[in-house]
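# A structural walkthrough
Read off the chains here:
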Amino acid sequence: QQQVKQSPQSLIVQKGGISIINCAYENTAFDYFPWYQQFPGKGPALLIAIRPDVSEKKEGRFTISFNKSAKQFSLHIMDSQPGDSATYFCAASPNFGNEKLTFGTGTRLTIIP
Amino acid sequence: EPEVTQTPSHQVTQMGQEVILRCVPISNHLYFYWYRQILGQKVEFLVSFYNNEISEKSEIFDDQFSVERPDGSNFTLKIRSTKLEDSAMYFCASSERGQAASRDYGYTFGSGTRLTVV
């Protein structure tokens, strides 16, 4: 029940295309859903986060879509750029992010020219 | 921008030896965490620390692990007798209490310490 399932494991997208990564959760106590971007040798960096009172959040080229009834959320990267090539992790936490994060298994995104 | 600082960046130790991983969280943060990431796998929660005590720990965080905030700035993870399977990237993180959701700052992670047990 604590798991966060993430797909796909890896993704190759052409420059300018849309990258879509999906996550699903079981634990209804989760109420904070961040996405992290990780470059090799670095720690995860917060990209964008959403709470279940909204269905979508957009920051620049990054959008989170959230479906509370399906317990699913996804990250969309519009106009994907080679600099977006990284590993992306979804995560979830109860108590508005003040408790531990449960991470998804990660998606290695590669943007090709 | 404030950072979480971790030292050393890479530590090699012999099996059975004790290691201490060090972290300096962001100064006004009140929650502190250790996570680990085995090569190529997901990030896993180890322990959270608030108000000078452990608030939650995972099954991974057994009697071989301990955490301490020895002064007002450092936060350490000690592994008493390292095993080969402790080889991983260890990340320290910190967050502001009650602020994470309102500002969407979430956690700030350090760059990690790569621990190699030989």
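Residues numbered from 1 in each chain as written. Chains lettered and ligands numbered in written order. Predicted model: local features only at pLDDT ≥ 70, side-chain atom pairs only at ≥ 80, totals over all residues. Heavy atoms only, no water.

### Description of the nonpolar core
Under the convention used in this document: The nonpolar core is taken to be a set of buried Ala, Val, Leu, Ile, Met, Phe, Trp, Tyr and Cys residues, with the residues joined through side-chain atoms within 4.5 Å. The buried label goes to any residue with under 20% of its type's maximum accessible area, the exposed label to any with over 50%, and the partly exposed label to all in between, with areas taken from a 1.4 Å probe on protein chains only. Helix and strand definitions here come from DSSP, where helices need a minimum of 4 consecutive H or I residues and strands a minimum of 2 consecutive E residues; each element is numbered from the N-terminal end. Contacts are assigned to residue pairs that have any heavy atoms within 4.5 Å of one another.
Ranked by size, the top nonpolar core spans 24 residues in total, and within it Val4(A), Phe33(A), Trp35(A), Phe73(A), Leu75(A) and Tyr88(A) carry the most contacts. If one sorts the elements of this core by residue count, strand E9 (residues 86–94) of chain A sits on top with 4 residues. In this structure, Phe33(A) is in contact with Tyr25(A), Ile48(A), Ala49(A), Ile50(A), Pro52(A), Ile64(A), Phe66(A), Phe73(A), Ala91(A) and Ala92(A), ignoring residues within four places of it in sequence. With 21 residues, the next largest nonpolar core counts Leu46(B), Phe75(B), Leu77(B) and Leu115(B) among its residues.

### Focus: the state of the cysteines
Residues and elements named next belong to chain B. Note the threshold: Cysteine sulfur atoms that come within 2.5 Å of each other are treated as a disulfide pair.
Enumeration according to the criterion identifies 2 disulfides over all chains in this entry. The partner cysteine of Cys-23 in its disulfide is Cys-92, sulfur to sulfur 2.0 Å. Disulfide Cys-23-Cys-92: torsion about the S-S bond near -65°, hence left-handed. One end of the pair, Cys-23, is in strand E3 (residues 19–24); the other, Cys-92, is in strand E9 (residues 88–95), and 69 residues separate them in sequence.

### Considerations on the confidence of the model for chain B
Selection criterion: pLDDT measures how confident the predictor is about each residue, on a scale from 0 to 100.
Averaged over every residue, the pLDDT of chain B is 90; residues scoring 70 or more account for 92%. Below pLDDT 50 for its whole length, residues 99–103 of chain B participates in 10 contacts with residues either more than four positions away or in separate chains.

### Side note on the packing of aromatic side chains
The condition is simple: Note on aromatic pairs: the rings of Phe, Tyr and Trp (six-membered ring only in Trp) are paired at centre separations within 6.5 Å, and the planes decide the class, stacked below 30 degrees, edge-to-face beyond 60, tilted for the rest.
Inspection of the entire model under this criterion finds 26 aromatic pairs over all chains. Ring geometry for Phe32(B) and Phe75(B): centres 5.5 Å apart, planes at 40°, overall tilted. You can see Phe32(B) sitting in strand E4 (residues 31–37) and its partner Phe75(B) sitting in strand E8 (residues 75–79), a full 43 residues away along the chain. Residue class for Phe75(B) comes out buried when judged on its relative accessible area of 0%. Of the aromatic side chains, those joined through ring pairs into one cluster are Tyr36(A), Phe89(A), Phe103(A), Tyr31(B), Tyr33(B), Tyr35(B), Phe45(B), Tyr50(B), Phe91(B), Tyr107(B) and Phe109(B).

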